[in-house]
Every structure is written in structure tokens, then in C-alpha cells.
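A closer look at the structure
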Amino acid sequence: MKPGIHPAYRPVVFRDRSADFAFLSRSTATSDKTVEWEDGRTYPVIDVEISSASHPFYTGTQRVLDTAGRVERFERRYGGGRRGR
């Protein structure tokens, strides 16, 4: 790697305000906002809209799609039989 061309890779706090959840990771992302972390140090903070604490896939609140209803509606709209046989 060439020296001096890569952004700084440092600790950053990612915060999901909708789920009241934050985690400390390392990133090249920057922010003007800071937060004091559990270890007493101050880190840049980046607010995210969705994290593992609020995403439906990880929380188990995922909606189940009615695929059978979609197929029936498609067949009703465009004809139900197979063509090209």
C-alpha cells in the first residue's frame, strides 16, 4: 500500500436512535459529532437509520409475503394456463 493516500482508520461509534442502540467499531467514516463511550473516551458518532437492533430480519418482526395470493392474482389478470406447449 502506498503511504499517505489512505483515510484514517479509527474507532467510531455507530448509533441507532430508533432502537436506542450503539456499538463501537472501526471505520474510515468521519463525523463532527462526538459521544462519550462506556470506557470514558470520546469518539466520533455516526447516526444510522437501521441497525441489527431495529431491522425486521434480525428482530423477528419480518412480514411474511402472501406469495400464493400474488400468483393467483397474476393468473387471473393474465390468464391461468401455461402457453407454448
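Located above this text is the structure these notes cover.
Let me sum up the structure you'll find in this document. All figures in this text were calculated on a predicted structure; none of them were measured in a lab. (Residues numbered from 1 in each chain as written. Predicted model: local features only at pLDDT ≥ 70, side-chain atom pairs only at ≥ 80, totals over all residues. Heavy atoms only, no water.)

**Things to note about the overall build of the chain**
If you tally the helices and strands in the chain, you get two helices and four strands. When contacts within the chain are restricted to residue pairs at least 6 apart in sequence, those whose partners lie at least 24 apart make up 34%. Put simply, the chain shows about 7500 Å² of open surface, and 50% of that area lies on carbon and sulfur atoms. (Helix = DSSP H or I, 4+ residues; strand = E, 2+ residues; numbered from the N terminus. Contact = heavy atoms within 4.5 Å. Areas by Shrake-Rupley, 256 points an atom, 1.4 Å probe, with all protein chains shown as cover.)

**Here we look at unusual backbone geometry**
Of note in this structure, D20 is not a glycine but carries a positive phi near 50°. Along the chain, D20 turns up in the loop between β1 (10-16) and β2 (21-27).

**A look at the sheet that holds strand β4 (residues 42-48)**
Strands in a sheet are paired, the pairing made by backbone hydrogen bonds, and the direction either parallel or antiparallel. Strands sit in the order β2-β1-β4-β3 across an open sheet of four strands; the sheet is mixed. Bordering the open sheet on either side are β2 and β3 (34-36), each of which pairs with just one other strand. Across the sheet, the mean angle separating the axes of adjacent strands is 45° when strand polarity is ignored. Looking at chain direction, β3 and β4 are connected through three bridges and run antiparallel. From the neighbouring strand, V35 faces β4, where its bridge partner is Y43. (Pairing = 2+ DSSP bridges. Axes fitted to C-alpha atoms, helices over the stretch in contact; angles between N-to-C directions.)

**Let's talk about the environment of L24**
You can see L24 is positioned in strand β2. Taking the C-alpha atoms as reference points, L24 and P11, 13 residues apart in sequence, are found 6.7 Å from one another. Excluding anything up to four places from it in sequence, L24 contacts P11, V12, V13, W37 and Y43.

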